[in-house]
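The lines below spell out each chain.
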Amino acid sequence: MKEFEIFYDIEELDNESKYLVHKAKEAANFAYAPYSKFHVGAAIMLEDGTVLTGSNQENASYPLCICAERVVLYTAATQHPEKQIMKMAISAHRKNHKELSPASSCGACRQVMSEFEERQNKPFEVIFLKSKNEWIKCASAESLLPFVFKRNNLHE
Ligand code: THU
């Protein structure tokens, strides 16, 4: 698979990816985002087909807000530590808006996603909406963060 694939219609995605986007979309409804009003959902598919979801959770102390991506990754690490992550999908919308908003994961989440790949010694796909009707499927999280800081940097 290429590093990045672009799909101009969600229907062009493979069924598994479409399903995961659908689960991410549902999860965005559980966001707690009274400050940004930007509701994000993330869904992960594990090696055995288990699907886990997360949503962004904000706080009046703004720096404590956590993105949907990290919520679902830490859930996977806690509830299914022995299972590999195969795929992640992200979906977002603004409060009271039906149409999806593009949401490309922030740098902090890319850093965390990348270390999850390192932990399981295997990349996982990341699917998100880049702009209106432009879905991106990345072969790995690390491709979203070249020259990522890794744990071996601490010891070299
Ligand atoms: N957010 C996510 O949850 N994931 C992203 O990919 C981008 C941003 C959240 C963080 C914050 O609660 C709100 O969206 C606005 O930045």
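Please refer to the structure placed before this passage.
Criteria and cut-off values
- Residues numbered from 1 in each chain as written.
- Predicted model: local features only at pLDDT ≥ 70, side-chain atom pairs only at ≥ 80, totals over all residues.
- Heavy atoms only, no water.
- Helix = DSSP H or I, 4+ residues; strand = E, 2+ residues; numbered from the N terminus.
- Buried < 20%, exposed > 50% of the residue type's maximum accessible area, 1.4 Å probe, protein only.
- Contact = heavy atoms within 4.5 Å.
- Expected span 1.5 Å × (residues − 1).
- Arc of directions from axis to C-beta.
- Phe/Tyr/Trp six-rings, centres within 6.5 Å; stacked < 30°, edge-to-face > 60°.
- Pairing = 2+ DSSP bridges.
- Axes fitted to C-alpha atoms, helices over the stretch in contact; angles between N-to-C directions.

So, on to the side chain of Q120. You can see Q120 is positioned in helix α3 (residues 107-120). Take Q120: its relative accessible area is 13%, and that puts it in the buried class. In this structure Q120 touches Q84 and I85, once residues within four positions along its chain are discounted.

Quick look at helix α1 (residues 15-27) now. Helix length check: α1, at 13 residues, gives a terminal C-alpha distance of 18 Å against a target of 18 Å (1.5 Å per residue), a fit within 8%. Buried residues of α1: S17, L20, V21, A24 and A27, and no others. An end-on view of α1 places all buried positions within 120° of arc, on one side of the element. Packed against the buried residues of α1 are β2 (38-46), β3 (51-55), β4 (85-94), β5 (125-131) and β6 (134-138).

For the rest of this paragraph, the subject is helix α2 (residues 68-79). Helix length check: α2 (twelve residues) gives 16 Å between terminal C-alpha atoms against 16 Å at 1.5 Å per residue, within 8%. Looking at α2, one finds that the buried residues are A68, E69, R70, V72, L73 and A76. The inward-facing, buried residues of α2 abut β2, β3, β4 and α3.

Now for the environment of E99. Structurally, the position occupied by E99 is in the loop between β4 and α3. Distance in space between the C-alpha atoms of E99 and K132 is 9.4 Å, their sequence separation being 33 residues.

What follows concerns the packing of aromatic side chains. Under the definition given, this model contains two aromatic pairs. With 5.4 Å between their ring centres and 50° between their planes, Y35 and Y62 make a pair best called tilted. On the criterion of sequence distance, the pair formed by Y35 in the loop between α1 and β2 and Y62 in the loop between β3 and α2 is long-range, its members being 27 residues apart. Judged by relative accessible area, Y35 falls into the partly exposed class, the value being 35%.

Turning our eyes to something else, we now look at the sheet that holds β6. Hydrogen bonding along the main chain pairs the strands of a sheet, whether they run parallel or antiparallel. Pairing within the open sheet is mixed, and its six strands lie in the order β1-β6-β5-β4-β2-β3. In the strand order of this sheet, the two ends are held by β1 (4-7) and β3, each with one partner. Across this sheet, the average inter-strand angle for adjacent strands is 20°, counted without regard to direction. Note that β2 and β3 share five bridges and pair antiparallel. For I44, the partnering residue across the bridge sits in β3 and is L52.

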